[in-house]
Amino acid sequence: MTSHPTLRSLAALLLLFVLCPVAARGVDRDHDGLDDDLEDALLQRYAPIVLLAPGEHALPASTDWLLARAEVETAPGRAPPRMMEASILGAVGVLVARAVPGIDEPGARLRLPRRAHTGSADPSVWTVYGHAFRADGGGIVLQYWFFYAFNDAFWAFDHEGDWEHVSLRLDAAGHPLGAWYAQHNAAAPGEWLPWGMLAHDGDRPVVLAGRGTHASYSHPGQGPIWERLCPVSDPARAAAAGCRVWHTSEGGGVVNVGERAAPRVPFLTWPGRWGTTGWFGLARHAGSPPGPAFQRGWCSDGAPGACP
Ligand SMILES: [Ca+2]
Ligand SMILES: [Ca+2]
């Protein structure tokens, strides 16, 4: 292991993490007590491989891709209601958005054109949002948040703005202990699978995304009967089985979002909803989910104060 320069430098970073307080080391822009270079290196090293189910029509996207196509609507009760180009949330940031009353509130929401429901046909756009933090009892949790424009499986349950995630737990030496796979209501953090039980390709966990629902599973038999998954969990055999293989370390890559108190991407602190339609296709204010930092699973299994 130590003959490879990348792994050698990662091992040195991990040793530093164990031996020294963060203030004595590198940069900690998100104020979570972890060296940011270590966060970034670990997020890249363990970036999952996602297998999209045969017939998947609701493809991944990136937040910038969606925000460039959407408008943001002020929270209800604001008179008059206002609409603005949503790209302000991603490119300029919420500090500017706060100048408009009702934009930076939990009741604000995105309005998407229907054509955006497909997500991006270009895999180079597909982006994963990483969140690294200190685990309760020692070690580190690496969360990977996948972003799809639309949950497109069962009409009554579909909604715009589909955030899904898996959480990998590392021990204090940086070795993977296992991962939680978030599925529907079991998402804080989800179903636990020890590392020896979950499908992985080297250091990379394999994630089978439910067709349209995008819930996360490790093996074809793990899902409920109504979930449609890639029939294999071996990435090398997935294409032949009709599944698209998303190497999340490539394309748009893994973007470390930082923490709410010190975000590394502007959209992170926006508390609004990532779409408009929810149950039965109706426009409801709670129909679409909020972003990762406002979901119950955001800091699951974190040490006290791990996610400032
Ligand atoms: Ca940090
Ligand atoms: Ca962090």
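Right above here is the structure, for reference.
**Q** Any chance you could explain the overall build of the protein here in plain terms?
**A** Check the secondary structure of the protein and you find six helices and 16 strands. A buried classification covers 55% of the 308 residues belonging to the protein. Considering only contacts in the protein between residues 6 or more positions apart, those separated by 24 or more positions represent 64%. When the accessible surface of the protein is summed, it comes to about 13,000 Å², and 57% of that surface belongs to carbon and sulfur atoms.

**Q** Is there a simple way to explain the state of the cysteines in this structure?
**A** Two cysteines whose sulfur atoms are joined by a covalent bond form what is called a disulfide. Using the criterion set out here, one finds two disulfides in the structure. Note that Cys 230 is cross-linked by a disulfide to Cys 243, the S-S spacing being 2.1 Å. Taking the torsion about the sulfur-sulfur bond, which here is approximately 95 degrees, the covalent link between Cys 230 and Cys 243 counts as right-handed. One end of the pair, Cys 230, is in the loop between β12 (216-217) and α6 (235-238); the other, Cys 243, is in the loop between α6 and β13 (244-247), and 13 residues separate them in sequence. Neither residue differs from the other here; Cys 230 and Cys 243 are each classed as buried. One disulfide in the model links Cys 299 with Cys 307; its S-S distance is 2.1 Å. On the sign convention where negative means left-handed, the S-S torsion of about 80 degrees between Cys 299 and Cys 307 marks this disulfide as right-handed. Classification of Cys 299 by relative accessible area gives partly exposed; the value is 25%.

**Q** Is there a simple way to think about the coordination of the calcium ion (ligand 2) in this case?
**A** Under perfect tetrahedral coordination by four donors, a metal shows angles of 109.5 degrees; under perfect octahedral coordination by six donors, it shows angles of 90 or 180 degrees. Distances from the calcium ion (ligand 2) to its protein donors, Asp 30 (OD), Asp 32 (OD), Glu 39 (OE), Ala 132 (O) and Glu 259 (OE), fall within 2.3 to 2.7 Å. In primary-sequence terms, the residues that donate to the calcium ion (ligand 2) follow D-x1-D-x6-E-x92-A-x126-E. In this model, the calcium ion (ligand 2) sits 4.6 Å from the calcium ion (ligand 1), the two metals being bridged by Asp 30. On the accessibility criterion, Asp 30 (0% relative accessible area) is buried.

**Q** Looking at this model, I keep getting lost on unusual backbone geometry. Mind explaining?
**A** Across the chain, the bulk of peptide bonds are trans and the bulk of non-glycine residues have phi less than zero. The peptide bond linking Ala 188 to Pro 189 adopts the cis configuration, its omega dihedral lying at 5 degrees. Even without being glycine, His 31 reaches a positive phi, approximately 55 degrees. Along the chain, His 31 turns up in the loop between α1 (5-19) and α2 (36-45). The class for His 31 is exposed, based on a relative accessible area of 55%. Backbone geometry at His 214 places phi at a positive 65 degrees, although glycine is not the residue there. Within the element layout of this structure, His 214 appears in the loop between β11 (204-209) and β12.

**Q** Got a minute to help me understand the nonpolar core in this structure?
**A** Nonpolar side chains tend to gather and get buried jointly when the protein is soluble and globular. In terms of nonpolar packing, the biggest core is built from 35 residues, with Leu 66, Val 72, Leu 89, Leu 110 and Trp 274 touching the most fellow members. Breaking this core down by element, the ones donating at least two residues are α3 (63-67), α4 (87-92), β5 (128-134) and β6 (140-151). Membership of the second largest hydrophobic core comes to 29 residues, among which are Leu 42, Val 50, Ala 179 and Ala 209.

**Q** What exactly am I supposed to notice about the side chain of Asp 35 here?
**A** Note that Asp 35 resides in the loop between α1 and α2. The exposure class assigned to Asp 35 is buried, which follows from its relative accessible area of 5%. At 2.7 Å, the side chain of Asp 35 and the backbone nitrogen of Asp 37 are in polar contact.

Criteria and thresholds
Residues numbered from 1 in each chain as written. Chains lettered and ligands numbered in written order. Predicted model: local features only at pLDDT ≥ 70, side-chain atom pairs only at ≥ 80, totals over all residues. Heavy atoms only, no water. Helix = DSSP H or I, 4+ residues; strand = E, 2+ residues; numbered from the N terminus. Buried < 20%, exposed > 50% of the residue type's maximum accessible area, 1.4 Å probe, protein only. Contact = heavy atoms within 4.5 Å. Areas by Shrake-Rupley, 256 points an atom, 1.4 Å probe, with all protein chains shown as cover. Disulfide = S-S within 2.5 Å. Donors = N, O, S within 2.8 Å, 3.2 Å for Na, K, Ca; no water. Core = buried A, V, L, I, M, F, W, Y, C linked by side-chain atoms within 4.5 Å. Polar contact = N/O pair within 3.5 Å; in protein donor to acceptor, adjacent residues only side chain to side chain.

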